[in-house]
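# Breakdown of the fold
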Amino acid sequence: MGSCKALGITAALFLGFGLIGGIITIAVLWSQDNAVDPPIIIPTDWWQHCVLYQIYPRSFKDTDGDGIGDLKGITEELEHFVDAGVDAIWMSPIFASPMVDFGYDISNFYEIHYEYGTMEDFEALLEKAHRLGIKVLLDFVPNHASNESDYFKKSEARDPEYEDFFVWADGIVDPNNASNILPPSNWVSQFDGSAWQWSPKRQQFYLHQFAVQQVDFNFRNESVRQEMKNIMKFWLDKGADGFRVDALPYLMEANPADHGGRYPDDPLSGRIGLEPHQLGYTIPLYTKDLIELYDVVYEWREYVDQYWMENGGETRVLLSEGYANISMTMLYYGNDEGEFGAHFPFNFDFITDVSNTSNARDFVYTIQKWLTYKPFSATANWVFGNHDNNRMPTRFREDMVDGLNALNMILPGVAVTYQGEEIGMQDGYVSWEDTVDVEALNRGDNETYMLYSRDPARTPYHWNDSLNAGFSTANKTWLPVADNYKELNLQAQKAANVSHFKVYQKLTALRKEMSMIHGDYEVRAFSDLSFYVVRNFRTYDTFVLLFNVGDRADVINLTRIQDIKVPSTVEVASIHSKRRAGDIIEENLIQLEAGEAIVIRDAPLD
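Residues numbered from 1 in each chain as written. Predicted model: local features only at pLDDT ≥ 70, side-chain atom pairs only at ≥ 80, totals over all residues. Heavy atoms only, no water.

As annotated in an unreviewed UniProt entry, the chain carries the name alpha-glucosidase and is attributed to Danaus chrysippus.

What follows is the structure, given as structure tokens:
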């Protein structure tokens, strides 16, 4: 039915996994004797209803004029998050790196990358953020390390302590040429080409599921697993509030011991037009989503919870990144045996499952799917963009920006914002000559690179209409600033009477309403064009998002929503709407223009 309705019961209904589960959620007491008594509320933990903002440090703010964003730039602009209503930030990797994959190839997990600043800069960032009430999460990349790391150098040299730190294997003699050694299996890298690279020094192949320079750790080695805990402890001791954990589906590969002592070939996909070196030629049966990887995640959750219990303070969180089917994704939350995993896995369904061609029923199904599959007591989350995919307004439409931000903020759980979504930033154009993304360079050429490039979603933030959008004073920035920064920037939107940023501010403020934090929900389509989301909580005001995702106007009938009655008040309206906050809706039949979204407030129902 797409709804979750409260029942009248005399006992308390507890939602949560309990203390060790890291979820201290809410207890609500209903009384059959007095139906109008307000519910008794136990506050949620800090992360369960937060606005979480992803910072791409390289493109956020440059303070030293080298054209690259840095930690001092983030610290300098932390008030922006307070102004925007953001509760927590997570930064894409800031650790020492050769920057082949811009920080996702880490050479030293214990050091700050020199282009971003120093450890003192990080400590200053943490201190100011915490003083402002903002939590700070780090991007943890456990799947692989740079081939310039000491780990790899020692492993390649067969240092006994590190010899098995990575996935090494002998090659196969070419049956057609005895002097030629073939890779151990047909596994294909996510960036195209064989996932195996020959090491002349060690005379073996090493596994890299991403770039050649990103060497996969061997998680069957207990020393590797312990080192990951050591890394987490180091940053938790510094004061980090938790981690977003990268690329988890690739953490474990098939065990040769189960396949006659060798790594098995992945089955062929049968897709026409693909060659053996291209991603998609094989089905990653032995390289992705292996059930054993979840044991590692559960181990990390146990460690983080134990750290919290021993050191006190507020909950430290683990958030998992993984593009997988719904069943495999839900295992990141935990299993039926009572083991807990990530506090939540990122929900990428609004990136992978819907687009500008999707209709209202597609949106409703996408929402209901996550809320149906997730464990009852677990926290939902909603992600509309990130550094690996085209920006939200580019994948959808510019006139949908406010509606998508409203949807993110009004749905139950955590709202995740990617850098620039609060002002409606679109993909920037990056020429072949300016392209730096390793995936685009590996998989494409000067005619096809845009099919693979992640650079357009990573162009610098638009602070104002000055040089380089106020991002940097450099003559050349690491990626070019998008051409539309003169019109689309934060300063202009703060000054305007109506803007994406001001809508975003109203939406984040609205999330503090009790119905938004603790309320029930209902999600249904009016038609192929429009749908609604209701948030209500007994004795508190009801809120309804009305959103036309279509490309033409739609007339909707408010009598279909049981929880409201006209007249109702417009609380927030998208910038393209003719309606404004405070307007009164007096008719049940109203017209929503293409892309229009409004949030209406109604008094509690009797």
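Still more to cover.
## Quick look at the environment of Pro57
As for its position among the elements, Pro57 is in the loop between strand E3 (51-55) and helix H1 (71-76). On the basis of relative accessibility, which here comes to 2%, the residue Pro57 falls in the buried class. For the pair formed by Pro57 and Gln419, sequence separation is 362 residues and the distance between their alpha carbons is 9.6 Å. Ignoring anything within four residues of it in the chain, the contact list for Pro57 reads Gly69, Asp70, Ile74, Met91, Ser92 and Ile94. (Helix = DSSP H or I, 4+ residues; strand = E, 2+ residues; numbered from the N terminus. Buried < 20%, exposed > 50% of the residue type's maximum accessible area, 1.4 Å probe, protein only. Contact = heavy atoms within 4.5 Å.)

## Things to note about a nonpolar patch on the surface
Together, Val173, Ile181 and Trp198 give the surface a local cluster of nonpolar side chains, amounting to about 240 Å² of exposed area. Here Ile181 is to be found in strand E11 (residues 177-182). (Patch = residues over 30% accessible without salt bridge, like charges linked within 9 Å, V, L, I, M, F, W, Y side chains within 5 Å. Areas by Shrake-Rupley, 256 points an atom, 1.4 Å probe, with all protein chains shown as cover. Salt bridge = Lys/Arg side-chain N within 4 Å of Asp/Glu carboxyl O.)

## Thoughts on the pattern of salt bridges
This structure, assessed with the given rule, holds 37 salt bridges. The shortest N-O distance in the salt bridge between Asp528 and Arg361 comes to 2.7 Å. With a gap of 167 residues between them, Asp528 in the loop between strand E20 (520-525) and strand E21 (530-537) and Arg361 in helix H9 (residues 360-373) connect regions that are remote in the sequence. When its relative accessible area of 41% is taken as the criterion, Asp528 is described as partly exposed.

## Digging into the UniProt feature "domain: Glycosyl hydrolase family 13 catalytic" (unreviewed entry) in the chain
Following the UniProt record, the feature "domain: Glycosyl hydrolase family 13 catalytic" (unreviewed entry) maps to residues 54-458 here. Between the C-alpha atoms that bound residues 54-458 the distance is 12 Å, and the span itself is 28% helix and 15% strand. (UniProt positions renumbered as here; feature names shortened; annotations may be inferred.)

## Observations concerning a negative patch on the surface
A cluster of acidic side chains, namely Asp295, Glu302, Asp336, Glu337 and Glu339, defines a negative patch on the protein surface. With respect to the helices and strands, the residue Glu339 is situated in the loop between helix H7 (326-330) and strand E17 (344-345). In this structure Glu339 comes out as partly exposed when scored by relative accessible area, which is 37%. (Lys, Arg positive; Asp, Glu negative; His and termini not counted. Charge placed at Lys NZ, Arg CZ, Asp CG, Glu CD.)

## Considerations on the sheet that holds strand E16 (residues 317-320)
Spatially, the eight strands line up as an open sheet ordered E17-E16-E15-E7-E4-E3-E19-E18, and their pairing is parallel. Of all strands in the sheet, those bounded by a partner on one side alone are E17 and strand E18 (381-383). Across the sheet, helix H11 (residues 401-410) lies against E3, E18 and strand E19 (414-418), angled at about 145 degrees from E19, the strand it touches most. (Pairing = 2+ DSSP bridges. Axes fitted to C-alpha atoms, helices over the stretch in contact; angles between N-to-C directions.)

## Quick look at the pairing of E19
Two faces, one strand: in a regular strand the side chains alternate between the faces of the sheet. In terms of burial, E19 is largely enclosed, as five of its five residues are buried. Here E19 shows a buried face lined by Val414, Val416 and Tyr418 and a second buried face lined by Ala415 and Thr417. With four bridges connecting them, E3 and E19 associate as parallel partners. Bridge pairing in E19 links Gln54 to Tyr418. Inspection of the sheet shows E18 paired to E19 by three bridges, in the parallel sense. Of the residues in E19, the one forming a bridge with Val383 is Val416.

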